Amino acid sequence: MVILSPFVYWAQTSKIISLKIDLRNAEKPNIDVIENNIKFSAQGFGAHGFSNYVFNLDLFASIKLSKDEQKTTVKVYENRIEVVLEKNEAAWWPRLTAQPQKPAWLKINFDQWKTEDDGGSEEETRDVMKDYPGMYDKLYKEEFGYRKEDLKKVYLILYNLFQFIGFTYVLCVMIVRFVKLDYASMVDTYEHVGGAMKFLQLMMFLEVMHPLFRYTKGSPLVAFLQVGGRAFVLFAMIDSEPRMQTKPVVFCLFGIWTLIEVVRYPFYIAQLYRKEIYLLTWLRYTLWIPLYPLGILCEAIVILRNIPYFEESGKFTISLPNEWNFAFHLPNFLRVYLLILAFPGMFFVMKHMHKLRTVKLKPKIIIKKCK
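Residues numbered from 1 in each chain as written. Predicted model: local features only at pLDDT ≥ 70, side-chain atom pairs only at ≥ 80, totals over all residues. Heavy atoms only, no water.

(A) Just helix H10 (residues 288-313), in detail. Along its 26 residues, H10 runs 36 Å from first to last C-alpha, staying within 8% of the 38 Å computed at 1.5 Å per residue. The principal kink in H10, of about 35 degrees, is found at Ile307, preceding the proline Pro308 by one to four residues. Looking at the residues trailing H10, positive phi occurs at Gly314, about 70 degrees. (Helix = DSSP H or I, 4+ residues; strand = E, 2+ residues; numbered from the N terminus. Expected span 1.5 Å × (residues − 1). Bend = angle between axes of the 7 residues up to and from the residue.)

Now the structure itself:
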């Protein structure tokens, strides 16, 4: 005789176990719960049609019982039966059954996988995926054989990976050419990696959109100032002036930018996977100490060297009279921009990074309870 079992979906909080038995039009279900065992039998429509369905589960830990009645709630609906069991001790179970192997008809109800707030408010619940990511991932993989990733997370991983590969390519080309040609390679650095650098820089404007769409935390304004400032130097100061493209400072500036990014993007990928790699974190929040001031210095040199070039060519300068009755003198703008970049701009960036470094690298205090 074949014993039929219904599909049973389970979920938990720190205090209760909930079971959803997939049985329609059940007639007089018989549920017997003892300290660490539950027996069920009922007639109804299940996966094998109308029949008698039974199951017997040895639970991972004990269920709370009283002298007169069991601490069990049973609700019979037209399309399911719901059972709520109260744990004897408040704790998270790594599985429902006492044995590691679970029956094929026992599934995890991830839709109800929530934690209870200690304050007792039913409205304030937390997601167990955030509170217990290791346990959630393990159960999910056991249930489905793989871990389904959020599309937003997949996109961010692919974006950061693409940027990391791109900047690594630029850095490798610069290093290989410098090893072969020594200082002579600096003259045509922009000719060999300028196109890739421009494309990667345009892609970085997506980082301004990420906080706007809540893909990442942070301020869109801060991201715009950082990305926009670099784009201004790359496109307006270097790409538009061929005489600047052959200067050694371009090689130094590209080297500083790539060194920053080949650390930053792997760090973001590790954060998306919730992996704390101390060396990577330390590099992310330490390399800026020498590289950011050097980068700002190189940008200032590029702008300063460009002032006489733009005085001579008149590029991007609008003179009166014109139909808009508007005048713009780029060299004067660059002088003002240099003052902003050298003092308040540098101070703002360094203060922001120092604050992040203090938070990320502060010593962790571990409190151990004495027995």
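(B) Up close: the pattern of salt bridges. Scanning the entire structure with this criterion turns up 10 salt bridges. Residue Asp239 is joined to Lys198 by a salt bridge in which the shortest nitrogen-to-oxygen separation is 3.1 Å. Of this pair, Asp239 sits in helix H6 (residues 220-239) while Lys198 sits in helix H4 (residues 189-203), and the two are 41 residues apart along the sequence. The partly exposed category is assigned to Asp239, whose relative accessible area is 29%. Of the residues examined, Lys198 reaches a relative accessible area of 22% and is grouped as partly exposed. (Salt bridge = Lys/Arg side-chain N within 4 Å of Asp/Glu carboxyl O. Buried < 20%, exposed > 50% of the residue type's maximum accessible area, 1.4 Å probe, protein only.)

(C) Main features of the side chain of Arg284. For Arg284, the position within the fold is in helix H9 (residues 278-284). Here Arg284 sits buried without a salt bridge, and the closest side chain of opposite charge, Glu261, lies 7.4 Å off (N-O distance). Apart from residues no more than four positions distant in its own chain, Arg284 is found in contact with Val263, Arg264, Phe267, Tyr268, Tyr292 and Met353. (Lys, Arg positive; Asp, Glu negative; His and termini not counted. Contact = heavy atoms within 4.5 Å.)

(D) Up close: the packing of helix H3 (residues 151-181) against helix H8 (residues 248-272). Two elements in contact, H3 and H8, have axes separated by 8 Å at closest approach and are oriented at 150 degrees. Here H3 is positioned roughly antiparallel relative to H8, judged by the angle of their axes. Taken as a pair, H3 and H8 cross one another with a handedness that is left-handed. Of the residues contributing to the contact of H3 with H8, the split by class is 19 nonpolar, 5 polar and 2 charged. (Axes fitted to C-alpha atoms, helices over the stretch in contact; angles between N-to-C directions. Parallel < 35°, antiparallel > 145°, perpendicular 65-115°, else oblique. Left-handed = near helix turned anticlockwise from the far one by under 90°. Nonpolar A, V, L, I, M, F, W, Y, C, P; charged D, E, K, R; others polar.)

(E) Fine view of the UniProt feature "transmembrane region" (unreviewed entry) in the protein. Within this numbering scheme, the UniProt entry marks residues 154-176, 220-238, 250-270, 282-304 and 324-350 as carrying the feature "transmembrane region" (unreviewed entry). Annotated as 87% helix and 0% strand, the span residues 282-304 places its first and last C-alpha atoms 33 Å apart. Here residues 324-350 runs as 78% helix and 0% strand, with 40 Å between its end C-alpha atoms. (UniProt positions renumbered as here; feature names shortened; annotations may be inferred.)

(F) How the structure looks around the packing of aromatic side chains. According to the stated counting rule, one finds 22 aromatic pairs in the structure shown. Centre to centre, the rings of Tyr265 and Tyr268 are 6.4 Å apart; their planes meet at 85 degrees, and the pair counts as edge-to-face. Placement of the pair is Tyr265 and Tyr268 together in helix H8, with a separation of 3 residues, close to one helical turn. We classify Tyr265 as buried; its relative accessible area is 0%. Looking at Tyr268, the relative accessible area reads 28%, which means it is partly exposed. Pairing Trp288 with Tyr292 gives two aromatic rings, centres 6.4 Å apart and planes at 70 degrees, and the pair type is edge-to-face. Taken together, the positions of Trp288 and Tyr292, both in helix H10 and 4 residues apart, correspond to about one turn of that helix. Comparing Trp288 with Tyr292 shows no difference in burial state: the two are buried. For the cation-ring pair, Arg264 lies above Tyr265, with the distance from its terminal atom to the ring centre recorded as 4.5 Å. (Phe/Tyr/Trp six-rings, centres within 6.5 Å; stacked < 30°, edge-to-face > 60°. Lys NZ or Arg CZ within 6 Å of the ring centre and 35° of its normal.)

(G) Inspection of the sheet that holds strand S6 (residues 72-76) at higher detail. As summarised here, the arrangement of the 5 strands in space is S6-S7-S2-S1-S8, forming an open sheet in which the pairing is mixed. Of all strands in the sheet, those bounded by a partner on one side alone are S6 and strand S8 (106-108). Averaged over neighbouring strand pairs, the angle between their axes works out to 20 degrees when direction is ignored. Here S6 runs beside strand S7 (residues 81-86); their pairing, made up of 5 bridges, is antiparallel. Bridging from a neighbouring strand, Thr72 pairs with Leu85 of S7. (Pairing = 2+ DSSP bridges.)

(H) Inspection of a nonpolar patch on the surface at higher detail. Judged by side-chain polarity, Tyr155, Leu206, Met209, Leu212, Phe213 and Tyr215 come together as a nonpolar surface patch covering roughly 550 Å² of accessible area. The element contributing the most residues to the nonpolar patch is helix H5 (residues 206-212), with 3 residues. Secondary-structure assignment places Leu206 in helix H5. On the basis of relative accessibility, which here comes to 30%, the residue Leu206 falls in the partly exposed class. (Patch = residues over 30% accessible without salt bridge, like charges linked within 9 Å, V, L, I, M, F, W, Y side chains within 5 Å. Areas by Shrake-Rupley, 256 points an atom, 1.4 Å probe, with all protein chains shown as cover.)

(I) Highlighting the pairing of strand S1 (residues 7-12). The pairing of S1 with strand S2 (residues 16-22) spans 6 bridges and is antiparallel. By the bridge assignment, Trp10 is partnered in S2 with Leu19. Between S1 and S2, which pair antiparallel and follow one another directly, the connecting turn spans 3 residues. Bridge count for S1 against S8 is 3 bridges, and the pairing is parallel. Within S8, the position partnered with Tyr9 by the bridge is Lys107.

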